[in-house]
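# Observations on the three-dimensional arrangement
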Amino acid sequence: MDKVYNHKDVEDRIYEKWEEAGYFKPEINPKGKPYCIILPPPNANGALHFGHAMFTVEDILIRYHRMLGEATLWLPGTDHAGIETQFVFEKKLKSEGKSRFDFDRRTLYKMIHEYVEEHKGNIQNQLRRLGFSLDWSREKYTLDIDIVKIVHKTFKKMYDEGLLYRDYKLVNYCTFDGTSFSDLEVVHEERISPLYYIKYGSLVLATTRPETKFGDTALAVHPNDKRYQKYIGKELEIETVLGKAKIKVIADESVNPEFGTGVVKITPAHDFNDFEVGKRHKLELRQVMGFDGKMNKLAGKYEGLYIKQARKAVVEDMRKMGLLEKIDENYISRLGLCYKCKNVLEPLPLEQWFVKVGPLKDKAIEAVKSGKIKITPQRFENVYFDWLDNLRDWNVSRQIVWGISIPAWRCQNVKCQIRRVDRNKW
Ligand SMILES: [Zn+2]
């Protein structure tokens, strides 16, 4: 016997034996109790990390139930991981001096597919090396034809049940990665960002985003704010960096009288709260920056500047014109960042598919309240309820090529084209 234990001589051999003998395949017994866990699929092109150690708990449960004589299945699979994989692939392209814009959609998809196929084996071998008793004969990949069919069918079913809809509204958009994200993928971070006090005619308002001013379609105050009663409903003549303009003052409950001067600008196309205010007051939706992160022609002489450059230029011009009252340099605001590239995400208006979460979250809340599902430790129940209470309709569209495309098309025949959303009307 060797003095030192060499896992290489032992473990691979034993695992092969287990697999060949079919020990991980469930013996189907229609009368018995089945036990099944679907392995949360790791990324197909990735490698296991420390977090995957939690799979050990599943393995213990599976082995326990197998020993009880139940028909036990631990189903392995891998995830095509849309944005994650495309992001890794784009990094590789960059190192070769290329970008995704050098290829058409079909070619790019094929290239990413080949790249994933090349790496897919790594993760499977790692799972085997950990001795996980997975039934490899049933292995799935999230881009397998049968899985894609199920995704499409589910999409249609949810659409038919009114749980999916297409709408033109604000989404979190990364102008660097060129795609929108769901709210869950946004990383929130507190950062110092100066608060600018700007003169709007006889009023002064505070904002962290002076460069979106070209998209302002109203000023707002709280309906009970005594300081501004005489302005509500009036139209103000204001001087701006682009010349004279008119803007109306509205009253809305959502305005915090304690923030800045109690007057805020409403920019429905570039702020989630303002979008809702705009909807309530039927304000124009004026988009002043593009999906490339640059100001568009509505920004006049600032057209073509990146957002940060535009902010600097606008502030400088306002200072020269005496439109800037003061700057609070120590203001801390909560920003939404891209979890891939860490740049600030822009709220931008886009036609996207959304999951209507209302009816779904009611069921999820009920399941825990009734005790059907238990959360351990119990104190995390509140986190769960809080998260669900604040959940907004879920954006499921992405502007990437890798992954399952949304099974909805427009008919090219003009006669049968569905009515498009009018972008300036609510
Ligand atoms: Zn990004």
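Residues numbered from 1 in each chain as written. Predicted model: local features only at pLDDT ≥ 70, side-chain atom pairs only at ≥ 80, totals over all residues. Heavy atoms only, no water.

## Section: the sheet that holds strand E11 (residues 235-240)
- Read across the sheet, 4 strands follow the order E11-E12-E10-E13 without closing on themselves; strand pairing throughout is mixed. Looking along the sheet, the strands with just one partner apiece sit at the ends: E11 and strand E13 (264-266). Pairs of neighbouring strands in the sheet enclose a mean axial angle of 40°, with direction left out of account.
- For E11 and strand E12 (residues 243-251), the ladder comprises 6 bridges, and the chain directions are antiparallel. Bridge pairing in E12 links Leu-236 to Ile-247. (Pairing = 2+ DSSP bridges. Helix = DSSP H or I, 4+ residues; strand = E, 2+ residues; numbered from the N terminus. Axes fitted to C-alpha atoms, helices over the stretch in contact; angles between N-to-C directions.)

## What about the environment of Gln-352?
- When you line up the elements, Gln-352 lands in strand E16 (residues 346-355).
- Since its relative accessible area comes to 2%, Gln-352 is described here as buried.
- If we ignore the near neighbours within four places in the chain, the residues touching Gln-352 are Tyr-165, Arg-166, Asp-167, Val-171, Ser-180, Asn-395, Ser-397 and Gln-399.
- A distance of 3.3 Å separates the side chain of Gln-352 from the side chain of Asn-395, its partner in a polar contact. (Buried < 20%, exposed > 50% of the residue type's maximum accessible area, 1.4 Å probe, protein only. Contact = heavy atoms within 4.5 Å. Polar contact = N/O pair within 3.5 Å; in protein donor to acceptor, adjacent residues only side chain to side chain.)

## Considerations on the domain arrangement of the chain
- Domain boundaries assigned for the chain yield domain 1 (7-143), domain 2 (164-184 + 347-416) and domain 3 (194-330).
- Its C-alpha centre places domain 1 at a distance of 26 Å from the equivalent point of domain 2.
- Facing the 17 residues of domain 1 at the interface are 12 residues of domain 2.
- Interface area lost by domain 1 to domain 2 is led by Ile-83, Arg-105 and Tyr-109, which between them contribute 39%.
- Put simply, domain 1 and domain 2 have 0 salt bridges between them.
- The tally of links from domain 1 across to domain 2 stands at 4 residue pairs in polar contact (both at pLDDT 80 or more).
- In terms of residue class, the side of domain 1 that touches domain 2 is built from 9 nonpolar, 6 polar and 2 charged. (Domains from an automatic or database assignment. Buried area = accessible area lost by both parts, 1.4 Å probe. Salt bridge = Lys/Arg side-chain N within 4 Å of Asp/Glu carboxyl O. Nonpolar A, V, L, I, M, F, W, Y, C, P; charged D, E, K, R; others polar.)

## Considerations on the coordination of the zinc ion
- For the zinc ion, every protein donor is listed as Cys-174 (SG), Asp-177 (OD), Cys-338 (SG) and Cys-341 (SG), and the spread of their distances is 2.1 to 2.2 Å.
- Note that the zinc ion binds 4 donor atoms; their angles at the metal cover 98 to 119°, and the shape is tetrahedral.
- As a motif over one chain, the donors of the zinc ion read C-x2-D-x160-C-x2-C. Each member of the pair, Cys-174 as well as Asp-177, is classed as buried. (Donors = N, O, S within 2.8 Å, 3.2 Å for Na, K, Ca; no water. Tetrahedral: all angles 85-135°; square planar, octahedral: opposite > 155°, others 65-115°.)

## A few points about the sheet that holds strand E8 (residues 195-200)
- Taken together, 3 strands build an open sheet; the order of strands is E9-E8-E14 and the sheet is antiparallel. A strand with exactly one partner marks an edge of an open sheet, and here the two such strands are strand E9 (203-207) and strand E14 (324-328). Here the strands of the sheet are splayed against their neighbours by 20° on average, with no regard to which way each runs.
- Bridge count between E8 and E9: 5 bridges; the pairing is antiparallel.

## Quick look at helix H4 (residues 105-129)
- Across its 25 residues, H4 extends 37 Å between first and last C-alpha, which sits within 8% of the 36 Å expected from 1.5 Å per residue.
- Helix geometry: H4 is bent most strongly at Glu-118, by close to 35°.
- Listing the buried residues of H4 in full gives Leu-108, Ile-112, Tyr-115, Val-116, Lys-120, Ile-123, Gln-124 and Leu-127.
- Its buried side turned inward, H4 meets helix H2 (55-67), strand E3 (77-78), helix H3 (82-95) and strand E4 (140-141).
- The N-capping residue of H4, defined by a side-chain oxygen 3.0 Å from the backbone nitrogen of Arg-106, is Asp-104.
- Positive phi appears at Gly-131, one or two residues downstream of H4, with a value of about 75°. (Expected span 1.5 Å × (residues − 1). Bend = angle between axes of the 7 residues up to and from the residue.)

## Considerations on the pairing of E9
- Most of E9 sits out of view: 5 of its 5 residues are buried.
- What you see with E9 is no split at all: Leu-203, Leu-205 and Thr-207 on one side and Val-204 and Ala-206 on the other are buried throughout.
- Linking two consecutive strands that pair antiparallel, namely E8 and E9, is a turn of 2 residues; a positive phi of about 60° is found at Gly-201 within it.

## Brief notes about the side chain of Glu-58
- Tracing the sequence through the fold places Glu-58 in helix H2.
- Of the side chains with opposite charge, Arg-66 comes closest to the buried, unpaired Glu-58, at an N-O distance of 11 Å.
- Leave out the neighbours within four places in its chain, and Glu-58 touches Ile-37, Ile-38, Leu-39, Pro-40 and Trp-74. (Lys, Arg positive; Asp, Glu negative; His and termini not counted.)

## As for the environment of Pro-42
- Secondary-structure assignment places Pro-42 in the loop between strand E1 (34-38) and H2.
- Exposure remark for Pro-42: the relative accessible area of 2% places this residue in the buried category.
- Measuring from C-alpha to C-alpha, the distance between Pro-42 and Leu-127 comes to 10.0 Å, with 85 residues separating the pair along the chain.
- Those residues within four positions of Pro-42 in sequence are excluded, and the remaining contacts are Leu-48, His-52, Phe-55, Gly-77, Thr-78, Asp-79, Ile-123 and Leu-127.

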